[in-house]
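# Analysis of the macromolecular model
Here are the chains, one letter per residue:
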Amino acid sequence: MTSIKRIFTLLAALAIATTLGCAGTAKSESTGEYVDDVALTAKVKKDIFDEPTLKSAEINVETFKGVVQLSGFVSSQENVNTAMATARAVNGVTSVKNDMRVK
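Analysis parameters
- Residues numbered from 1 in each chain as written.
- Predicted model: local features only at pLDDT ≥ 70, side-chain atom pairs only at ≥ 80, totals over all residues.
- Heavy atoms only, no water.
- Core = buried A, V, L, I, M, F, W, Y, C linked by side-chain atoms within 4.5 Å.
- Buried < 20%, exposed > 50% of the residue type's maximum accessible area, 1.4 Å probe, protein only.
- Helix = DSSP H or I, 4+ residues; strand = E, 2+ residues; numbered from the N terminus.
- Contact = heavy atoms within 4.5 Å.
- Patch = residues over 30% accessible without salt bridge, like charges linked within 9 Å, V, L, I, M, F, W, Y side chains within 5 Å.
- Areas by Shrake-Rupley, 256 points an atom, 1.4 Å probe, with all protein chains shown as cover.
- Salt bridge = Lys/Arg side-chain N within 4 Å of Asp/Glu carboxyl O.

### Things to note about the nonpolar core
Across soluble globular proteins, you tend to see nonpolar side chains buried next to one another. Counting 17 residues, the largest nonpolar core has Val44, Ile59, Val68, Leu70 and Met100 as its most contacted members. The leading source of residues in this core is helix α3 (residues 77-88), at four residues. Once you skip the residues sitting within four places of it in the chain, Val68 turns out to touch Val44, Val61, Glu62, Thr63, Ala87, Val93, Ser95, Val96 and Lys97.

Take a look at the structure:
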């Protein structure tokens, strides 16, 4: 019976350590949040690539906790507006930050 208690205690401690190790904070993401952000980044990049008026190589996309940041140099303000609207339309994006510059 003692060895069963030891194994149970070890498994409980491992479960607690694993749960606490994956928790997100204000400045870091949990594992699940990271995976969600990677998927959002991919969706935004795909939608920008599919937009015929945008040159996807000019626009960088980063995501942190559902907030998408667009950066890079584009050829017009219209391209900035189109990229922002395209990113906002992706399901799961909570907000979009613009750091794009018109060249």
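### Section: a nonpolar patch on the surface
A cluster of nonpolar side chains, Tyr34, Val35 and Val38, forms an exposed patch at the surface whose accessible area comes to about 300 Å². Structurally, Val35 is set in helix α2 (residues 31-50).

### Comments concerning the pattern of salt bridges
All chains considered together, the criterion is met by four salt bridges. The salt bridge involving Lys46 is made with Asp47; its shortest N-O contact spans 4.0 Å. Its relative accessible area of 29% is what places Asp47 among the partly exposed residues. As a salt-bridge pair, Asp99 and Arg101 come within 3.1 Å of each other at their nearest N and O atoms.

Structural measurements only, silent on function.
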